[in-house]
Amino acid sequence: MNLDTLGNLADIIALPIAILGVVLIVHQLKLVRLESEIEHQRRQNEMTLNAYNTIKGDLSETIWRVREKLNLEDMFDEFTEEHLEQIMNDKLLRDDVARMLDFLNKFAVGIKYDVFNILLVNDLAGKLFIRTHKQFEPYIERVRKNSNTFYLDYENLVAELKVMRNYKE
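Quick caveat: nothing in here was measured; it's all calculated off a predicted structure.

1. Focus on the environment of L70
Looking at where L70 falls in the secondary structure, it is placed in the loop between α1 (3–69) and α2 (81–89). In this structure L70 comes out as buried when scored by relative accessible area, which is 2%. Along the primary structure L70 and S36 are separated by 34 residues, whereas in three dimensions their C-alpha atoms are 48 Å apart. With near-sequence residues (within four places) excluded, L70 lies in contact with F79, H83, Q86, I87, L93 and F136.

Now the structure itself:
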C-alpha cells in the first residue's frame, strides 16, 4: 500500500464522518432553536399573565366606574348617542374612558410586538376586549376625527380575536 492509496482511503473515510458531523450540527442547531422558542413562549405567557394580573384591578375598576356613570349594566348594553355626549361633556368620565381604552390598547401593542401571547389574552379576556370595543366604538370613532390612529392597535386586536372566536355580531 503506497501513500496515494492511503491518502485516498483517508479521504473516503473522512467524507462520511464530515457529513455525519454536519448532520449532527444541523440537528443540534434545530434543538437549540426549538428550546429557544419554548423558552420565549414560556416568558411570553408569564409576561402576559403578570401584565394582566397587574392591570386587571385598575381596568376592572375603571370599566365599572365608566359603566356606572353611563348607567350601563354590563358590556352587552347598547351604547347610545346620549352616552357619547355624556362622555364628551364630562372631563372625568372622558379621562376614565380614555384610561380604559388605553389599557386595552397597550395590551394590543404588546401582542403586536410579540411581547404578549394572543392565545392567552383571548382565553383571559377576549370577550371583554371584543364587547368593550363594540360598546365604545362610537367614542373611538369620535376621537379618531383628531387622529386616525387612536386605538388602531386595539381595533386590529379585536379583529384578530373575532376571527379566533368565530365571532358573529
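2. A closer look at the environment of K106
Positionally, K106 belongs in helix α3 (residues 91–112). Classification of K106 by relative accessible area gives exposed; the value is 58%. In this structure, the C-alpha to C-alpha distance between K106 and Y154, residues 48 residues apart in sequence, is 7.8 Å.

3. Regarding the side chain of T132
Among the secondary structure elements, T132 is positioned in helix α4 (residues 118–143). Residue class for T132 comes out buried when judged on its relative accessible area of 0%. A polar atom in the side chain of T132 sits 3.3 Å from the side chain of R67. From its side chain, T132 meets the backbone oxygen of L128 in a polar contact 2.7 Å long. Leave out the neighbours within four places in its chain, and T132 touches R67, M100, L104 and Y154.

4. Here we look at a nonpolar patch on the surface
Taken together, the side chains of L3, L6, L9, I13 and I17 define a hydrophobic patch exposed on the protein surface, amounting to about 510 Å² of accessible area. Secondary-structure assignment places L6 in helix α1.

5. Brief notes about the nonpolar core
Residues V97, L101, F129, F136, Y139 and Y154 are the most contacted members of the largest nonpolar core, which totals 38 residues. Not counting the four nearest positions on each side in its chain, Y154 is found in contact with L101, L104, N105, A108, F129, T132, H133 and I140.

6. What about the pattern of salt bridges?
In total, this model carries 12 salt bridges according to the counting rule given. Salt-bridge contacts for R43 lead to E39; the nearest nitrogen and oxygen are separated by 3.5 Å. Taken together, the positions of R43 and E39, both in helix α1 and 4 residues apart, correspond to about one turn of that helix. Owing to a relative accessible area of 40%, R43 belongs among the partly exposed residues under this scheme. Across the pair K91 and D95 runs a salt bridge whose closest N-O atoms are separated by 3.1 Å. Remark: D95 and K91 occur in helix α3; sequence separation between them is 4 residues, near one turn of the helix. Overall, K91 belongs to the exposed group, its relative accessible area being 54%.

What counts and how
- Residues numbered from 1 in each chain as written.
- Predicted model: local features only at pLDDT ≥ 70, side-chain atom pairs only at ≥ 80, totals over all residues.
- Heavy atoms only, no water.
- Helix = DSSP H or I, 4+ residues; strand = E, 2+ residues; numbered from the N terminus.
- Buried < 20%, exposed > 50% of the residue type's maximum accessible area, 1.4 Å probe, protein only.
- Contact = heavy atoms within 4.5 Å.
- Polar contact = N/O pair within 3.5 Å; in protein donor to acceptor, adjacent residues only side chain to side chain.
- Patch = residues over 30% accessible without salt bridge, like charges linked within 9 Å, V, L, I, M, F, W, Y side chains within 5 Å.
- Areas by Shrake-Rupley, 256 points an atom, 1.4 Å probe, with all protein chains shown as cover.
- Salt bridge = Lys/Arg side-chain N within 4 Å of Asp/Glu carboxyl O.
- Core = buried A, V, L, I, M, F, W, Y, C linked by side-chain atoms within 4.5 Å.

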